[in-house]
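Inside the fold
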Amino acid sequence: MKDLKDYVTTIPDFPKEGIMFRDITTVIEDPEGFKLAVDGLIASLKGLDFDLVVGSESRGFVFGAPVAYAMGKGLVLVRKKGKLPREKISESYDLEYGSATLEMHTDSIRKGQKVVIIDDLIATGGTTGATIKMIERLGGEVVKICFVMELAGLKGRETLKGYSVESLIVYEGK
């Protein structure tokens, strides 16, 4: 049986020279790879008391939805600005060149609910940091954060100090 890392395609020099791009789509496209990733995320949550899964646009939806379904939990969507129809809160964060804004419906999380964040990748931690701020503003408690992949060289985990963070695959570089 192959290891989850075997399903990730690495593309050298994309989007620019010196970058080793880790393509998650090859994990999702392969039924065995996708199952390994989802099962790994579910295993990382075994025995944890929580109420909701939160997934960030868009690959957080891909991995968060089957985990929420398998564990009998609801799925809260964190979307890019302008995509949600009801009353929402927003949080902006910095990117390498500029900034971005995420939004969440204000009635998605109730005070005291325990929340797990699931996403495909942690790089700098900006998306997850913004997501945490919105969850906590709504009164939710982040009890664990799970990623399929982590680019350790970008030090995103350091921005999430104080939270339980688990990655199924860790790449030492950027």
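Residues numbered from 1 in each chain as written. Predicted model: local features only at pLDDT ≥ 70, side-chain atom pairs only at ≥ 80, totals over all residues. Heavy atoms only, no water.

1. Remarks on the overall build of the chain
Scanning the chain from N- to C-terminus turns up four helices and nine strands. Shown N-terminal to C-terminal, the secondary structure of the chain runs as helices and strands in the order β-β-α-α-β-α-β-β-β-β-α-β-β. A globule of 174 residues ought to have a C-alpha radius of gyration of about 16 Å, and the chain, at 16 Å, matches this closely. Its C-alpha atoms put the chain at 45 × 40 × 30 Å along the principal axes. Nonlocal contacts in the chain, meaning residues at least 24 apart in sequence, comprise 56% of its contacts between residues at least 6 apart. (Helix = DSSP H or I, 4+ residues; strand = E, 2+ residues; numbered from the N terminus. Rg over C-alpha atoms; globule rule 2.2 N^0.38 Å. Contact = heavy atoms within 4.5 Å.)

2. A closer look at the pairing of strand β7 (residues 114–122)
Taking burial as the measure, the nine residues of β7 include seven buried ones, the bulk of the element. Here strand β3 (residues 52–56) runs beside β7; their pairing, made up of four bridges, is parallel. Looking across to β7, one finds that Leu-52 is bridged to Val-115. Pairing of β7 with strand β8 (residues 141–151), which is carried by eight bridges, proceeds in the parallel orientation. Pairing of Val-116 across the sheet is with Lys-144, part of β8. (Buried < 20%, exposed > 50% of the residue type's maximum accessible area, 1.4 Å probe, protein only. Pairing = 2+ DSSP bridges.)

3. Comments concerning the environment of Arg-157
Of note, Arg-157 is situated in the loop between β8 and β9 (165–171). Separated by 33 residues in the primary sequence, Arg-157 and Thr-124 have C-alpha atoms spaced 7.7 Å apart. Here Arg-157 is in contact with Ile-122, Glu-150, Val-165, Glu-166 and Ser-167, once residues within four sequence places are set aside. Here the side chain of Arg-157 touches Glu-150 through a polar contact of 2.7 Å, side chain to side chain. Of note is the side chain of Arg-157, whose polar atom sits 3.2 Å from the backbone oxygen of Val-165. (Polar contact = N/O pair within 3.5 Å; in protein donor to acceptor, adjacent residues only side chain to side chain.)

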